[in-house]
Amino acid sequence: MPELPEVETIRRQLSKKIIGKKLNDKKIAGLRRRAKILIIDFADGSSLVIHLKLTGQLILNGEPSRYTRKVFNFNDGSQLIFNDARKLGWWRKVKETRKIEEKFGPEALEMRFETFKELLQKRPNSKIKPLLMDQKFIAGIGNIYSDEILFAAKVHPLRQVKTLKDKEIQLIHQNIKKILRKAIQYRGTTMQDYRDACGREGDYTNHLQIYQKEGKKCSRCGTIIKRVKLAGRSAHFCPNCQK
DNA sequence: GACAATGTTACAGT
DNA sequence: CACTGTAACATTGT
């Protein structure tokens, strides 16, 4: 589930609560996020790297359930529970994180317009939605937010990059930041599995305009929202607003 | 049974 | 090499 806003929500919540605690005698110095990966840094320079994939949860002092795959026990008796119904998520201890961090494109929230435009010019034949979701291209955007960003920018998800006008590239760039920031404010989106580190659902679900709204009316023009399959995923769009 | 599901990656094909 | 689409991973829910 978790895309950038969900992982960032967990990172911020855990930062307030577990920095300074010890895990296996190693003191937690800080928490970072790269793309959709959570990185817990220890004082000795090593790190614990966690990817929640589709259904992973990290809940502080939660109740273990049938989906609990790992319990991280801190020195003060508190616990971080890793639940993962589909078992696709993983965690790994590493000496250094450089190799992991290198694999990704620029962070979606930190990317300047010029950088975005230059990147797009390298992939003129790609369709815009799968490109936004390609972590080697831009880090942090997944299926939910790529739909929401393209709806906000009024760009059709199947548009080829080379057909995008400068104004449209600007709108996509602006809305990447606008939508992701707003989603972080609301602690992310819960479709089914996602929970924040306190075990709560994300409230951005109530602000979705297009994702999983097939058959409903577009909030801008009333046209019935459509869904198409591409790259094995669903893309939702308004056939009237998004050209 | 069919289909879909927040992610990533390997592989086959164009 | 660039790019696209599909399957696979493992499981639940409708």
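In the block above lies the structure referred to throughout.
Report on the accompanying structure.

1. Describing the overall build of chain A
Counting its secondary structure elements, chain A contains 6 helices and 10 strands. Rg of the C-alpha trace for chain A: 19 Å, near the compact-globule value of 18 Å for 243 residues, within the 12% margin. In terms of overall dimensions, chain A has C-alpha extents of about 55 × 35 × 30 Å along its principal axes. Here chain A holds 243 residues, and 53% of them are scored as buried. A total of about 12100 Å² of accessible surface is found on chain A, and carbon and sulfur atoms cover 46% of it. Of the charged side chains in chain A, 52 are positive and 26 negative; the average position of the first set lies 4 Å away from that of the second.

2. Overview of the environment of His 51
Along the chain, His 51 falls in strand 4 (residues 47-51). Here His 51 falls in the buried class, since its relative accessible area comes to 15%. For His 51, the residues in contact, after removing those within four places along its chain, are Lys 36, Ile 37, Phe 82, Gly 89 and Trp 90. Within the structure, the side chain of His 51 is placed 2.9 Å from the backbone nitrogen of Lys 53, a separation counted as a polar contact.

3. Description of the pairing of strand 7 (residues 79-84)
Strand residues, when the strand is regular, have side chains that alternate between the two faces of the sheet. The element strand 7 is largely enclosed, with a buried count of 5 among its 6 residues. Relative to strand 7, strand 5 (residues 56-60) runs antiparallel, the two being bridged by 5 bridges. The partner of Gln 57 across the bridge, within strand 7, is Asn 83. Strand direction decides the pairing type here: strand 6 (residues 68-73) and strand 7, joined by 5 bridges, are antiparallel. Paired with Phe 72 across the bridge in strand 7 is Leu 80. Between strand 6 and strand 7, which pair antiparallel in sequence order, lie 5 residues; one of them, Gly 77, sits at a positive phi of approximately 95 degrees.

4. Focus on the side chain of Gln 13
Note that Gln 13 resides in helix 1 (residues 4-18). In this view, Gln 13 contacts Arg 187, Asp 196, Ala 197 and Cys 198; residues no more than four positions away in its chain are not counted.

5. Describing the pairing of strand 2 (residues 26-34)
Bridge analysis of strand 1 (residues 22-23) against strand 2 gives 2 bridges, and the strand direction is antiparallel. If you follow Leu 23 over to strand 2, its bridge partner there is Lys 26. Once strand 1 ends, the chain turns through 2 residues before running back antiparallel as strand 2, passing Asn 24 with a positive phi of about 50 degrees. Summarising the sheet, strand 2 and strand 3 (residues 37-42) pair through 6 bridges and their orientation is antiparallel. Following the sheet pairing, Ile 28 is matched in strand 3 by Phe 42. Joining the antiparallel neighbours strand 2 and strand 3 is a turn of 2 residues, in which Ala 35 adopts a positive phi near 55 degrees.

6. A few points about the packing of aromatic side chains
Counted according to the given criterion, the structure contains 4 aromatic pairs. Ring plane angle 80 degrees and centroid distance 6.2 Å describe the contact between Phe 72 and Trp 91, whose orientation is recorded as edge-to-face. Linking Phe 72 in strand 6 with Trp 91 in strand 8 (residues 90-94), this pair joins segments that are 19 residues apart in sequence. By relative accessible area, Trp 91 is classed as partly exposed at 31%. Consider the rings of Tyr 186 and Tyr 204, whose centres lie 6.4 Å apart with planes at 50 degrees: the pair is tilted. With Tyr 186 in the loop between helix 6 (166-185) and strand 9 (226-230) and Tyr 204 in the loop between helix 6 and strand 9, this pair connects stretches of sequence that are 18 residues apart. Joined through ring pairs, the aromatic side chains of Phe 72, Phe 82 and Trp 91 make up one cluster. Directly above the aromatic system of Trp 90 lies the positively charged group of Arg 92, at a separation of 4.5 Å from the ring centroid.

Rules used throughout
- Residues numbered from 1 in each chain as written.
- Chains lettered and ligands numbered in written order.
- Predicted model: local features only at pLDDT ≥ 70, side-chain atom pairs only at ≥ 80, totals over all residues.
- Heavy atoms only, no water.
- Helix = DSSP H or I, 4+ residues; strand = E, 2+ residues; numbered from the N terminus.
- Rg over C-alpha atoms; globule rule 2.2 N^0.38 Å.
- Buried < 20%, exposed > 50% of the residue type's maximum accessible area, 1.4 Å probe, protein only.
- Areas by Shrake-Rupley, 256 points an atom, 1.4 Å probe, with all protein chains shown as cover.
- Lys, Arg positive; Asp, Glu negative; His and termini not counted.
- Charge placed at Lys NZ, Arg CZ, Asp CG, Glu CD.
- Contact = heavy atoms within 4.5 Å.
- Polar contact = N/O pair within 3.5 Å; in protein donor to acceptor, adjacent residues only side chain to side chain.
- Pairing = 2+ DSSP bridges.
- Phe/Tyr/Trp six-rings, centres within 6.5 Å; stacked < 30°, edge-to-face > 60°.
- Lys NZ or Arg CZ within 6 Å of the ring centre and 35° of its normal.

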